[in-house]
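Results of the structural survey
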Amino acid sequence: MGAAFFYHLTDSPLEATLPMLVGKARGAGWRVLVRAPDQALLTRLDQVLWQGPEDGFSPHGLAGGPHDADQPVLLGDVPAAGFDCVMSVGGADVPPDEVLASERVCILFDGHDDAALNHARGQWKALTDAGCSAQYWAQEDGRWTKKAEK
């Protein structure tokens, strides 16, 4: 049974936090889906992952290619079946059944955007009301600290 980890981005942008979390998930041996509702955001994150440091490179691809099933990290708005970890960005929804079927779901949201904050609060309530475990992480002085768990 998986858990949803909510990451409230305030000090570090998505472009810095996502590669770090993808690296940790890959280090755990997990296959990762990065889900966003917007193709432009997925394309931008694809470029971010390609331009990362050589020693921290994460092999990946955009959904819709001929080798999607072989990608250790896939970027797309696709079902989570076959992935150990789902990273939701840009307000992409993750239903409770996907949380329960995954090792981990990471929901990253911009702490400076009121709409993103409200959407994340709604996701927290929907997932925890459905019986999913959840943790809320925030940045303090550049470090991630767990602020709540349910």
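Residues numbered from 1 in each chain as written. Predicted model: local features only at pLDDT ≥ 70, side-chain atom pairs only at ≥ 80, totals over all residues. Heavy atoms only, no water.

1. Digging into the sheet that holds strand β5 (residues 85-88)
Strand order in the open sheet formed by eight strands is β3-β4-β2-β5-β6-β1-β7-β8, and the pairing between neighbours is mixed. Across the chains shown, the open sheet's two edge strands, defined by having one partner strand only, are β3 (61-62) and β8 (143-149). Summarising the sheet, strand β2 (residues 32-35) and strand β4 (residues 73-75) pair through three bridges and their orientation is parallel. Across the sheet, residue L33 finds its bridge partner in β4, namely L74. (Pairing = 2+ DSSP bridges. Helix = DSSP H or I, 4+ residues; strand = E, 2+ residues; numbered from the N terminus.)

2. Considerations on the nonpolar core
Counting 24 residues, the largest nonpolar core has L14, L18, V34, L45, M87, V89 and L108 as its most contacted members. Mapped onto this core, the elements with two or more residues apiece are β1 (3-9), α1 (14-27), β2, α2 (39-50), β4, β5 and β6 (104-110). No other element matches the five residues that α1 contributes to this core. Judged by nonpolar contacts, the second largest core, of 19 residues, contains V86, V99, I107 and W124. (Core = buried A, V, L, I, M, F, W, Y, C linked by side-chain atoms within 4.5 Å. Buried < 20%, exposed > 50% of the residue type's maximum accessible area, 1.4 Å probe, protein only.)

3. Observations regarding unusual backbone geometry
A positive phi is found at D141, a non-glycine position, where the angle reads about 55°. Summarising the element assignment, D141 is placed in the loop between β7 (133-140) and β8. A residue is classified by how much of its surface remains accessible, and D141, at 80% relative accessible area, is exposed.

4. Quick word on the packing of aromatic side chains
Taken as a whole and judged by the stated rule, the model has four aromatic pairs. Considering the side-chain rings of F5 and W137, the 6.4 Å spacing of their centres and the 15° angle between planes classify their relative orientation as stacked. Within this pair, whereas F5 is found in strand β1, its partner W137 is found in strand β7, the two being separated by 132 residues in sequence. Given a relative accessible area of 8%, F5 falls into the buried group. Grouping aromatic residues by their ring pairs yields a cluster made of F5, Y7, W137 and W144. Just above the ring of F83 sits the side chain of R31; from NZ or CZ to the centre is 4.1 Å. Sitting over the face of the ring of F5, R104 holds its NZ or CZ atom 4.0 Å from the ring centroid. (Phe/Tyr/Trp six-rings, centres within 6.5 Å; stacked < 30°, edge-to-face > 60°. Lys NZ or Arg CZ within 6 Å of the ring centre and 35° of its normal.)

By themselves these figures say nothing about function.
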